[in-house]
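# Structure assessment
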Amino acid sequence: MLIDKFDRKIDYIRVSVTSRCNFRCLYCMPNTPFEWEPKENILSYEEMFEFLRLAIDEGVRKIRITGGEPLLRKDIDKFIKMLNDYNPELDLALTTNGYYLLEMAKGLKKAGLKRVNISLDTLKAEVAKKIAQKDVLDKVLKGIDEAVNAGLGVKLNTVVMQGINDNEILDLLEYAKNKNLTIRFIEFMENERAYPGIKRVDSKEILDKIAQKYKFKELPKDNSASKYFETEDDYQFGIIEPHDESFCKKCNRIRLTAEGFLIPCLFFTESYNIKEAIRNGNIKKAAEILKDVVANKPEKNDWQENEVSTRAFWETGG
Ligand code: SAM
Ligand code: SF4
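What counts, and where the lines are drawn
- Residues numbered from 1 in each chain as written.
- Chains lettered and ligands numbered in written order.
- Predicted model: local features only at pLDDT ≥ 70, side-chain atom pairs only at ≥ 80, totals over all residues.
- Heavy atoms only, no water.
- Salt bridge = Lys/Arg side-chain N within 4 Å of Asp/Glu carboxyl O.
- Helix = DSSP H or I, 4+ residues; strand = E, 2+ residues; numbered from the N terminus.
- Buried < 20%, exposed > 50% of the residue type's maximum accessible area, 1.4 Å probe, protein only.
- Pairing = 2+ DSSP bridges.
- Contact = heavy atoms within 4.5 Å.
- Axes fitted to C-alpha atoms, helices over the stretch in contact; angles between N-to-C directions.

### A closer look at the pattern of salt bridges
Counted under the stated rule, the structure contains 19 salt bridges. Its salt-bridge partner being E190, residue R200 comes within 3.6 Å of it at the nearest N-O pair. A residue pair is termed long-range when its members are at least 10 positions apart, and R200 in the loop between β6 (182–187) and α7 (203–211) and E190 in the loop between β6 and α7 qualify at 10 residues. Assessed through its relative accessible area of 12%, R200 is described here as buried. When salt bridges with common partners are traced through the structure, they connect K74, D75 and K78 into a single cluster.

Below, the structure is given as structure tokens:
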């Protein structure tokens, strides 16, 4: 079992399977050129599986596949099947921009995927085009419906930005509510790769906007990154606020990047590479690195208000 210094059980790994993406979201990688890591620097699925098997044997029970855009990586369904075949009890989830779900949702479900989180920042085609720098809305909305039809658990993620989509908070909530899907509003996290001038909308402001139409109460916090709220008519939505104390308190996760870096915390720059150990067949060493990362997991993200992160979200998987 993996327990950190603060007595938190680490049973969740987020795996970024690629840094590549077909969108160029303003808050994530607006100016990233199409130059990517050479293929030999990226862990193969077999190499990732070799490491994840170790983690599963140590008690990891939830694996979220992310990126970049994970649906761009070839044969992602086969990777999901490898994990599901190893342990069908795993909570296997994936975070996606939704663009390829129309084509892929059924195959992913069949492979053993249980849940998807889909990014949806707006319901207006022009605004989606501005945010993703590509005309994406129609495909994303069809992808959401297809994921639901395929029987996947679906949650929506919205990054709220001043003057861009903050006037759609209620519309997005109602879109989700009508489909009986949970939506989580994410405070924009300042980082140096984002488009200059993007400003976050604080959770208080988001909640104030929702309170204009709905009465709601906060639910007890679980170990997810999100705070959840319930309206009087039993609809649940969430807020993700990384500067808030509670963001880290029950953190149960570590991250693995496509290049093999194991990262104890989204906002820390320390990382440890497992690629060499796995490629040399040195499973003992890989297990030691895993234990070290858990042992060195910081208590909290230590991310100051107004501090700009240097971390690339598309590498660490958000
Ligand atoms: N491409 C997939 C997607 O967009 O859902 C998965 C990778 S993306 C990096 C994972 C999550 O990070 C998404 O929910 C995205 O909205 C969020 N994200 C990216 N940059 C962010 C930022 N600067 N602030 C807050 N959330 C961010
Ligand atoms: Fe791509 Fe997701 Fe980043 Fe948008 S948030 S650019 S979809 S990786």
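### Observations regarding the sheet that holds strand β8 (residues 227–231)
The strand order across the open sheet formed by 12 strands is β7-β8-β9-β6-β5-β4-β3-β2-β1-β10-β11-β12, and the pairing between neighbours is mixed. Of all the strands in the sheet, the pair left with one neighbour each is β7 (216–218) and β12 (272–273). The sheet contact formed by strand β1 (residues 12–16) and strand β10 (residues 253–256) spans four bridges and is parallel. What sits directly across from V15, in β10, is L256. Strands in contact with helix α1 (residues 45–57) are β1, β2 (62–66), β10 and β11 (261–263); relative to β1, the strand with the most contacts, it is inclined by about 170°. Sheet strands in contact with helix α10 (residues 283–295) are β10, β11 and β12, and its direction is about 30° off that of β11.

### Observations regarding unusual backbone geometry
Residues other than glycine seldom take positive phi values, yet D75 does so here, at roughly 60°. As for its position among the elements, D75 is in the loop between β2 and α2 (76–86). Of note, the phi angle at N180 is positive, near 60°, even though the residue is not glycine. As for its position among the elements, N180 is in the loop between α6 (169–178) and β6.

### With respect to the environment of N223
Locating N223 in the fold gives a position in the loop between β7 and β8. Taking the relative accessible area as the measure of exposure, N223 reaches 36% and is therefore partly exposed. Separated by 183 residues in sequence, N223 and E40 place their C-alpha atoms 36 Å apart. With sequence-adjacent residues up to four places away left out, N223 is seen in contact with K250, N252 and R253.

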